[in-house]
Amino acid sequence: MSLTVIAQRMGNTSFQRLVTGLVLSTLLVGCSSTKSSNVRVVDRNNAVAQRPTVTTGQYVVRPGDTLFSIAFRYGWDYKTLAARNNIPTPYTIHPGQTIRFDGRSGSTPTAVVSNASSSPSSSSKTTVIRRQANGTTTTTTTGSKGVVPSVASKPAPAPLPPAGPAPTGWGWPSNGVLIGKFSSNGSLNKGIDIAGDLGQPVLAASDGTVVYAGSGLRGYGELVIIKHSETYVSAYGHNRRLLVREGQQVKVGQTIAEMGSTGTDRVKLHFEIRRQGKPVDPLQFLPRR
């Protein structure tokens, strides 16, 4: 039956309603038939934001801190940070110790005080000479008008060590759906995020030594950091429970933690690989799957 005959029998108003309904139905069917298999859902709500390498100021060590955790938090290679602060192996630090990022020594300076006058007066001056561990000196003169510090020369920054070869035999740290990818943008994800079930095993991605196991790094929850070489470390965040301790040797595929949601709003593993303190894309190292 033609549309003309239908229109004559139904009347103009009814016919217009029929045509409008057919058009809307066609549009809805077209929208619902769009394939969704190629759409990737990426969870960026709680990606761990990383600040760029801090090169100014200082940090006062708190209980539970290690040189590795401080270097990881502020984007440093742990050996470079140790050299900058005159910290010898095995890189032991203590609460209250100052770690500097600006090229000056973090060690406690030696002070030599000399008084220009033995009795206090409006014209008396006190000169304080501070000798840093790296040989530089600063002089501060205190008089009736306050403190007048002199300018001290800064030592040259310690050079970065040469990059070593990447560890071989990397393995995936857990099974699950990849829900967050690495981003080189400083405000986004510096690793990958893997969804899973609460309590699911978290595995060491390569052989190494546990250099940090705790919850002192904000945004990572219960965290494990493994040193694989003088150049590479890996990190495993948001765990429910840690199964290794600092100083423990681990093998690739060994269970080191249970997946959880500490420091985030869903169960997932946040995994990072860092080369000389700088985050790199873990997918460049992990086998395809």
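The preceding data block contains the structure.
Owing to the predicted nature of the structure, the values given are computational and were not obtained by experimental measurement.

About the cut-offs
Residues numbered from 1 in each chain as written. Predicted model: local features only at pLDDT ≥ 70, side-chain atom pairs only at ≥ 80, totals over all residues. Heavy atoms only, no water. Buried < 20%, exposed > 50% of the residue type's maximum accessible area, 1.4 Å probe, protein only. Helix = DSSP H or I, 4+ residues; strand = E, 2+ residues; numbered from the N terminus. Pairing = 2+ DSSP bridges. Phe/Tyr/Trp six-rings, centres within 6.5 Å; stacked < 30°, edge-to-face > 60°. Lys NZ or Arg CZ within 6 Å of the ring centre and 35° of its normal. Salt bridge = Lys/Arg side-chain N within 4 Å of Asp/Glu carboxyl O. Polar contact = N/O pair within 3.5 Å; in protein donor to acceptor, adjacent residues only side chain to side chain.

*Asks:* Break down the pairing of strand 12 (residues 232-242) for me, citing the residues and quoting the values.
*Replies:* Of all 11 residues making up strand 12, 8 are buried, and the element is well covered by its neighbours. In the sheet, strand 11 (residues 222-227) pairs with strand 12 via 5 bridges, with the strands oriented antiparallel. Counted as the bridge partner of V224 is Y236 from strand 12. Where strand 11 folds back onto strand 12 in an antiparallel hairpin, the turn is made up of 4 residues. Of the pairings in the sheet, the one linking strand 12 to strand 15 (residues 268-275) comprises 6 bridges and is antiparallel in character. Directly across from V233, in strand 15, lies its bridge partner R274.

*Asks:* Got a sec to walk through the packing of aromatic side chains? Specific residues and values, please.
*Replies:* Counted under the stated rule, the structure contains 10 aromatic pairs. On the numbers, 5.2 Å between centres and 50° between planes, the contact of Y236 with F271 is tilted. Residue Y236 is found in strand 12, and its partner F271 is found in strand 15; the two are separated by 35 residues along the sequence. Taken as a pair, Y236 and F271 share a single burial class, namely buried. Linked through ring pairs, Y59, Y74, W76 and F101 together constitute an aromatic cluster. Sitting over the face of the ring of F72, R274 holds its NZ or CZ atom 3.8 Å from the ring centroid. The cationic tip of R289 hangs over the ring face of W172; the distance from NZ or CZ to the ring centre is 3.7 Å.

*Asks:* Describe in detail unusual backbone geometry, supporting the description with residues and values.
*Replies:* With omega at 10°, the peptide bond leading from T89 into P90 counts as cis. As for its position among the elements, P90 is in the loop between helix 4 (78-84) and strand 2 (98-100).

*Asks:* Describe in detail the pattern of salt bridges, supporting the description with residues and values.
*Replies:* Within the structure shown, the criterion is met by 8 salt bridges. For R73, the salt bridge identified is with D65, shortest N-O distance 3.8 Å. Looking at D65, the relative accessible area reads 14%, which means it is buried. As a salt-bridge pair, K227 and E230 come within 3.4 Å of each other at their nearest N and O atoms. A network of salt bridges, in which partner residues are shared, links K79, K227 and E230.

*Asks:* Please set out the side chain of D281 residue by residue, giving values where relevant.
*Replies:* Here D281 shows up in the segment after strand 16 (278-280). In this structure the side chain of D281 is engaged in a polar contact, spanning 3.1 Å, whose partner is the backbone nitrogen of L283.

*Asks:* How would you summarise the pairing of strand 8 (residues 192-195) if you had to cite specific residues and measurements?
*Replies:* Alternating positions in strand 8 separate into two faces, I192 and I194 on one and D193 and A195 on the other, with burial throughout. Bridge count for strand 7 (residues 178-180) against strand 8 is 2 bridges, and the pairing is antiparallel. Looking across to strand 8, one finds that G180 is bridged to D193. One ladder, built from 4 bridges, connects strand 8 with strand 15; its direction is antiparallel.

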